Amino acid sequence: MAAIATDIRRTFPRTDDVVVSYIAGLVDDEDEEVDDIVDMTRGMLQGGPSTKDTQSLDDFMSRLILYLESQSSKRTRRPTTVAKLDKTIQMRSQQMSATIAMSGTVDLESNTKGQASRVDLAKLAKAEAKLKAKIEKRSRRDLYQGSKLIDMQKKQQSYEEMFMKVNPLDLSGTAKGKSKDIALTNIDVSFASNKILSGATLTMASGRRYGLIGRNGIGKSTLLRHLALREVPIPTHISVLYVEQEIIGDETTALDSVLQADVWRHKLMTEEAELNAKLESLEKAPPLNAEGQTAAGLEGEKDDLSARLGEVQKKLVDMEAETGPARASLLLAGLGFSDADQKLPTRSFSGGWRMRLALARALFVKPDLLMLDEPSNMLDLNAIAWLEDYLQTWQNTLLVVSHDRAFLDAVATDIIHQHSQRLDYYKGNFSQFYATKTERAKNQRKEYETQVQYRQHLQAYIDRWRYNANRAAQAQSKIKILEKLPDLEPPEEDDSESFKFPDPEKISPPLLQLDEVTFGYTPDKIILKGVNIDVGLDSRIAVIGPNGAGKSTLIKLLTGSIQASIGRSTHNSRCRIAYFTQHHVDQLDVNMTPVAFLQSKFPGKVEQDYRSHLGSFGITGLTGIQKIGTLSGGQKSRVAFAVLSMQRPHILLLDEPSNHLDIEGIDALIEALKIFKGGVISISHDERFITNTSNQLWVCAEGKVTKYMGDVGSYKSLIVDSIRAKTRP
């Protein structure tokens, strides 16, 4: 069943999950005939969003038939050839009904009148019971699929509905005095058929900041979603919020969007305005209104409205609602929104800026448990510097998934390591975790080797003296000791990766140069002005600065994909350039496998050569023959790096190369770039990546590209001080 579901998702990646589950259930039902399954499967997949290629559908159906026939001997196929009857029937001796010529149908009753039935009634009853059970089972399955669709529809709730459902306001009063610590034991988390956690313990102390780390695909984001929807039993008096997706753009201004994120604040303020409006209208009402309501009745209604108004205002005071606009504005300013930007409608922002809005909304709400999933991926170095500084004073519990070591070092007070379906806890930031984990692994390896030697010593003694009459008793004693020892399991080996870029041949300079270059898409909208930069085989340059300042434009000028408006651009004709972009997925054919994609781009090698090359970038085993569209973001990045390597470049231009890579992948990329003999220019927000791969920092800001003489840490401090000065009251 799982194999068929996997095959469908791989062959037809855009097929709806409900259809995949239904077909898998159909295949799993041994009572279904092969032909019925084949016909229904073809009908459901035909015309789907991923089945334009009829050859792929035919190939899949052939695999399905082979699978069905190999899995169960109980399945039958309707014969397509003439079958020999068990007994010979003489048609001439059979009487024909007198009504057949008139009605055009066969009167079976006329053939059986006066004849004793030869049917085994017990077998007939058994067959009918089996058929009835089969029909009932199918109806239940259809009902289940229907309810699943309803559940999916229900899940498509608005942010406001989901927020009020997950964080009911009525519980805020009872939460006072209660502990905000989370201590859950023996929790299980699954995604489809994959087990994420099994019997794990989740422990988070209130006010601590936890970094959740683990390999790509281990289930970190799945765990966060389960926590956000309370599918893991977090105490209901603890409010939770998970930042995963960008907000939907509409006419709401950026500032109002942040204010409305605190749903209960917005709801109470709306109710306060309505109550004040009703009280004002009652104040102006005559003693006897048109409905015949007396003065006493009006006073009673006023008292009720005033009492409710008092309750609402008390709740607003408790949540410090009056400070909302100022707090929201400070958050947006820290994330790079100018005063003018804060007044723009959310639909005017790109996906990256909407992600920043989603982050600002979450910080504004201040939930008891805030969960962030790779918050640095959509931020530039300036915004990351501010976010690190802001989160260091976060008073509630924080759980953040990140591959950025520097970010975790600055923010985390504890590290949670997710692996092997469990959670391990370490005090301190990432650097402290790494040192502790390394030392722990070293001690475990030493203890394991000691135990192995001890057991070998016992076994050697037993083998030598077991059959010696004088030493048999001692040997038997050693056997009992060996049998009582617990099973010995070797310690887990740390996953490690290694990337490799081939060294290019030497070529004479200059390779890439920009001399007093100015560029703008229109004369009145200049992006870069007076740029001077020289790139050689020994260059290790990192370009930093806020998003939208022109960093990617600088890379495009160096590659020659856009031409300078003013100035001179030099590009050595022998210089090969490999360009990795933030949108590297667009360069890959999602319908091809990694091996086939390399074959199409760089023909002339045997398949094993392509597999070996992909393996040097972590694409091993069956991953190399899966369709690229089914790979994770990190795996697609590895394929893209493998493609760059095949070009044997002199210069690597890398635009946010660490996005989607896990920590092990980033480490492998850093080590590969350290020994690469060509030039490297990178745009990155990852402080550790920049520090380990660059010896020059160039800042792109306000239309200029200038060399910065300090390191990344001093630049971030400068940014934080600048933002503080701007936002200081």
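It should be emphasised that the depicted structure is a prediction, and the values quoted were computed from it without experimental measurement. (Residues numbered from 1 in each chain as written. Predicted model: local features only at pLDDT ≥ 70, side-chain atom pairs only at ≥ 80, totals over all residues. Heavy atoms only, no water.)

**Brief notes about the sheet that holds strand β15 (residues 679–683)**
Taken in spatial order, the six strands line up as β13-β14-β15-β11-β16-β17 in an open sheet, and their pairing is mixed. Two strands in the sheet have a free side with no partner beyond their single neighbour: β13 (577–580) and β17 (704–708). Here the average twist between neighbouring strands, direction ignored, is 20°. Bridge analysis of strand β16 (residues 696–701) against β17 gives five bridges, and the strand direction is antiparallel. Among the inter-strand pairings, C700 is bridged to a residue of β17, identified as V705. The sheet strands contacting helix α22 (residues 633–646) are β13 and β14 (651–655), and the helix crosses β13 at an angle near 170°. (Pairing = 2+ DSSP bridges. Helix = DSSP H or I, 4+ residues; strand = E, 2+ residues; numbered from the N terminus. Axes fitted to C-alpha atoms, helices over the stretch in contact; angles between N-to-C directions. Contact = heavy atoms within 4.5 Å.)

**Regarding the side chain of N659**
Along the chain, N659 falls in the loop between β14 and α23 (663–675). Setting aside anything within four residues of it in sequence, one finds N659 in contact with N377, H403, S637 and H685.

**Remarks on the side chain of R638**
The topology assignment puts R638 in helix α22. Those residues in contact with R638, other than ones at most four positions away along the chain, are R215, N216, E497, F499, F617, G618, I619, L661, D662 and G665.

**Let's talk about unusual backbone geometry**
Here the bond from P509 into P510 is cis, since omega is 0°, no more than 30 degrees from zero. Considering the arrangement of structural elements, one finds P510 in the loop between α18 (472–484) and β9 (512–522). Backbone geometry at H660 places phi at a positive 75°, although glycine is not the residue there. Inspection of the secondary structure puts H660 in the loop between β14 and α23. Owing to a relative accessible area of 40%, H660 belongs among the partly exposed residues under this scheme. (Buried < 20%, exposed > 50% of the residue type's maximum accessible area, 1.4 Å probe, protein only.)

**Details of the nonpolar core**
Of all hydrophobic cores here, the largest spans 55 residues; its most connected members are L357, L363, L370, L372, L387 and L391. Looking at which element gives the most residues to this core, the answer is helix α14 (residues 351–365), with nine residues. The residue makeup of this core includes at least three contributed by each of domain 2 (178–239 + 367–428) and domain 4 (512–727). Sequence-distant contacts of L357, that is, excluding residues within four places in its chain, are made with I247, A254, V258, L332, F337, T346 and F349. (Core = buried A, V, L, I, M, F, W, Y, C linked by side-chain atoms within 4.5 Å. Domains from an automatic or database assignment.)

**Brief notes about the confidence of the model for the protein**
Of all residues in the protein, 82% attain a pLDDT of 70 or more, and the chain-wide mean is 81. Note that pLDDT drops below 50 for residues 91–117; the model gives that stretch eight contacts with residues more than four away or on any other chain. Within the model, pLDDT remains below 50 along residues 141–156, and this stretch shows 13 contacts once partners closer than five positions in the same chain are excluded. (pLDDT = per-residue confidence, 0-100.)

**Topic: the packing of helix α21 (residues 607–615) against α22**
Where α21 meets α22, the axes come as close as 9 Å, and the angle between the chain directions of the two elements is 115°. Read as a crossing pair, α21 and α22 show a hand that is right-handed. Of α22, the residues touching α21 (which contributes Y610, H613 and L614) are A642, S645 and M646. When grouped by side-chain class, the residues that make up the contact of α21 with α22 number four nonpolar, two polar and no charged. (Left-handed = near helix turned anticlockwise from the far one by under 90°. Nonpolar A, V, L, I, M, F, W, Y, C, P; charged D, E, K, R; others polar.)

**A few points about the packing of helix α1 (residues 2–11) against helix α2 (residues 17–28)**
It is the contact of α1 with α2, at a shortest axis distance of 9 Å, that shows an interaxial angle of 145°. Once α1 is placed against α2, the crossing between them reads as right-handed. Judged by residue contacts, I4, A5, I8 and R9 of α1 engage D17, V20, I23, A24 and V27 from α2. Residue composition of the contact of α1 with α2, by class: seven nonpolar, no polar and two charged.

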